[in-house]
Amino acid sequence: MLKIKMILFGLISCFAIAIGNAQTFDQKYFKTILDSLTSNSFAGRGYVENGMTNAGIYLQNEFQKNGLKSFSSNYEQNFTFPINIIKDAKLKINGKELKYGIDFIVKPSSKSISKANLPFYIFDTKAYIESFQSKDKTRHFIVKDDESQKGKHIILPSLATSVDSIQKYYKQWANIYEKDENQNQAIFRFTSDKLTSSLSQRQSSISEFIISDKFYSKNLKINDYFIDSELNNSFEANNVIGYIDGKNNDSVVVISAHYDHLGKVGQTIFPGASDNASGTAMMMTLMKHYSKHQPNYRTVFMAFAGEEAGILGADYYVNHPLFPLSQIKFLVNLDIMGAGDQGIQVVNGKVFKNQFEKLVELNLTNKYLKEVKTRGESCNSDHCPFYLKGVPSFFIYTLGGKGFYHDPNDTDESLDLSYSEKVYNLLKDFINKL
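The following paragraphs examine the structure supplied in this document.

How each quantity is defined
Residues numbered from 1 in each chain as written. Predicted model: local features only at pLDDT ≥ 70, side-chain atom pairs only at ≥ 80, totals over all residues. Heavy atoms only, no water. Helix = DSSP H or I, 4+ residues; strand = E, 2+ residues; numbered from the N terminus. Expected span 1.5 Å × (residues − 1). Buried < 20%, exposed > 50% of the residue type's maximum accessible area, 1.4 Å probe, protein only. Arc of directions from axis to C-beta. Contact = heavy atoms within 4.5 Å. Phe/Tyr/Trp six-rings, centres within 6.5 Å; stacked < 30°, edge-to-face > 60°. Disulfide = S-S within 2.5 Å. Pairing = 2+ DSSP bridges. Axes fitted to C-alpha atoms, helices over the stretch in contact; angles between N-to-C directions. Core = buried A, V, L, I, M, F, W, Y, C linked by side-chain atoms within 4.5 Å. Parallel < 35°, antiparallel > 145°, perpendicular 65-115°, else oblique. Left-handed = near helix turned anticlockwise from the far one by under 90°. Nonpolar A, V, L, I, M, F, W, Y, C, P; charged D, E, K, R; others polar. Right-handed = clockwise from strand over helix to strand, strands pointing away. Polar contact = N/O pair within 3.5 Å; in protein donor to acceptor, adjacent residues only side chain to side chain.

Let's talk about helix α9 (residues 353-366)
Logical step 1: A rise of 1.5 Å per residue sets the reference length of α9, with its 14 residues, at 20 Å; its end C-alpha atoms lie 20 Å apart and thus fit the reference within 8%.
Logical step 2: For α9, the full list of buried residues reads F356, L359, L362 and N363. Buried positions in α9, seen along its axis, are confined to an arc of 125 degrees and lie on one side of it. Along α9, the residues that are exposed and aim more than 90 degrees away from the buried face are K353, N354, E361, L364 and T365.
Logical step 3: Turning to α9, the residues buried within the fold contact β15 (344-347), β16 (372-374), β17 (393-398) and α11 (420-433).
Logical step 4: K367 occupies a position one or two residues after α9 and carries a positive phi of about 55 degrees.

Next up, the structure:
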């Protein structure tokens, strides 16, 4: 009887070990990275309060803890770029203090401005729409508008038209006012579109507030406003790069994600949980796995800075590579890893068909996700500079979720992490098959 019990115990132990080896997703570590990167201490991983810098140091420490090797004395690759930093902005309409990021944002190229007692010019949207009827009407409207706005604050009401081309031109209309000297002039543009913040590498001659059109009325009164911005022509940032030797070091697999985000304006933080603390957390969880389970090929983990300002970190890297780009067998770039209920999207899936078919087959065999969708080439993330240099690459992002993007609501609480393990396992299986 004792012998039977020992055999059963041995079988149970082996089964438990097998299960333990199969379930390699370290959810606790994934969540720790995600929570840390979205915490207030990193101030949205941007350009105030050393947010991006401190986030980079945090990732370097994690690389070191997990035994990653570096290509130099540390994991940093330093570079600089110009950036217009919006430090703070306030807007008060009809006695109500508006909330930054929710009720209004400012154009990222805006210069500093304080309230100035100038008259207001209200743009005539009806005449603007009618001006498209002929060239003469268009010319007449442009001349009249140019004369009417001089020396005044400009109010651009939300435009009511179903004609896409007219809407498109109107969204860019404020740019024509930049040609003038605008000492104290401000633009107040109302819109029904979602308020989506961004960054700029230049500073304009004029300041623009972009406001939810629910605050527009015939009795509109702009009580107070200001913008505090600073153009930093040489902001210092760091790519964080480390590697794990594989069974074969002649070829390299790269796993990348950008860790920067939009930062903080006044007291409003842009946590950037989906974009892209989630992608960074997924990359770091894969890093931890391969630090304990030797990969087939040398595997390099690249955490890029400056993506939100124009894919700058990845672009800098390909022009200053730490090893020959020709050694890269494949690059997997991860962004927006905070969903998955609708599957994943694979940019460059139509370009690298063999690798895409492997990914689809792995998903079907293991029944991980609802769908693996394919796209052609698109220069919309950090894979792009590598792809343009001839490096085979995928940009993979999850589909579904609440879809908060470049706003203060992109918090870790808004993510659906119930698919994270399935996404992770699919990615790991794919990397192992490369």
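On we go.
Considering α11
The periodicity of an α-helix, 3.6 residues per turn, causes residues three or four places apart in sequence to face the same way.
Logical step 1: Its 14 residues give α11 an end-to-end C-alpha distance of 20 Å, which sits within 8% of 20 Å, the value for a rise of 1.5 Å per residue.
Logical step 2: Most of α11 is tucked away: 10 of the 14 residues are buried.
Logical step 3: When α11 is considered as a whole, its buried residues turn out to be S420, V423, Y424, N425, L426, L427, K428, D429, F430 and I431.

Some thoughts on the packing of aromatic side chains
Logical step 1: Applying the stated criterion to the full structure yields 38 aromatic pairs.
Logical step 2: Grouped by ring-pair contacts, the aromatic residues Y100, F104, F120, F188, F209, Y225 and F270 constitute a single cluster.

Examining the state of the cysteines
Logical step 1: Scanning the model with the defined rule gives one disulfide in all.
Logical step 2: Disulfide pairing places C379 opposite C384 at an S-S distance of 2.0 Å. Taking the sign of the S-S torsion, -100 degrees for the link of C379 and C384, the bridge is left-handed.

With respect to the sheet that holds strand β5 (residues 120-122)
Logical step 1: Spatial ordering of the open sheet is given by β3-β8-β7-β6-β5, a layout of five strands whose pairing is mixed. Lying at the two open borders of the sheet, with one neighbouring strand each, are β3 (104-106) and β5. Geometrically, the sheet is characterised by an average inter-axis angle of 20 degrees between neighbouring strands, direction not taken into account.
Logical step 2: The pairing of strand β6 (residues 153-156) with strand β7 (residues 186-191) spans three bridges and is parallel. Counterpart to I155 in the pairing with β7 is F188.

With respect to the nonpolar core
Logical step 1: Judged by nonpolar contacts, the single largest core of 96 residues is most densely connected at L91, F188, F209, I211, F301, L334 and I396.
Logical step 2: Among the elements that take part in this core, helix α7 (residues 273-292) stands out by supplying nine residues, more than any other.
Logical step 3: Setting aside its immediate chain neighbours within four residues, L334 contacts I255, S256, A257, N276, G279, M282, M283, L286, I396 and L427.
Logical step 4: Among the nonpolar cores identified, the runner-up in size contains 17 residues, and I241, V254, M302 and L331 belong to it.

Concerning unusual backbone geometry
Logical step 1: Residue D275 is joined to N276 through a cis peptide bond whose omega torsion reads 0 degrees.
Logical step 2: Locating N276 in the fold gives a position in helix α7.
Logical step 3: For N94, which is not a glycine, the phi torsion comes out positive at approximately 50 degrees.
Logical step 4: Mapped onto the secondary structure, N94 falls in the loop between β1 (76-93) and β2 (96-97).

Quick notes on the packing of α7 against α11
Logical step 1: Relative orientation of the contacting elements α7 and α11 amounts to 55 degrees, with a least axis distance of 11 Å. Between α7 and α11, the interaxial angle falls into the category oblique. Considering how the two elements wind past one another, α7 and α11 form a crossing that is right-handed. Here α7 contributes M282, T285, L286, H289 and Y290 to the contact with α11, which in turn contributes S420, V423, Y424, L427, K428, I431 and N432.
Logical step 2: When the residues that make up the contact of α7 with α11 are grouped by side-chain class, the tally is seven nonpolar, four polar and one charged.

Some details on the pairing of β7
Logical step 1: For β7, a buried count of six out of six residues is recorded, marking the element as mostly surrounded by other parts of the structure.
Logical step 2: Burial along β7 is two-sided: the residues A186, F188 and F190 and I187, R189 and T191 are all buried.
Logical step 3: For the handedness criterion, the β-α-β arrangement of β6, helix α6 (residues 164-171) and β7 is classed as right-handed.
Logical step 4: In this sheet, strand β8 (residues 207-212) lies alongside β7 in parallel orientation, the contact comprising six bridges. When the sheet's bridge partners are listed, A186 is paired in β8 with S207.

Some thoughts on the environment of S41
Logical step 1: Relative to the helices and strands, S41 resides in the loop between α2 (27-37) and α3 (51-65).
Logical step 2: Put simply, S41 and I431 are 390 residues apart on the chain and 33 Å apart in space, counted from C-alpha to C-alpha.
Logical step 3: At 2.8 Å, the side chain of S41 and the side chain of S39 are in polar contact.

Things to note about the pairing of β8
Logical step 1: Counting buried residues in β8 gives six out of six residues, a clear majority hidden from the surface.
Logical step 2: Here three bridges tie β3 to β8, and the two strands are oriented antiparallel to one another. If you follow F104 over to β8, its bridge partner there is I211.

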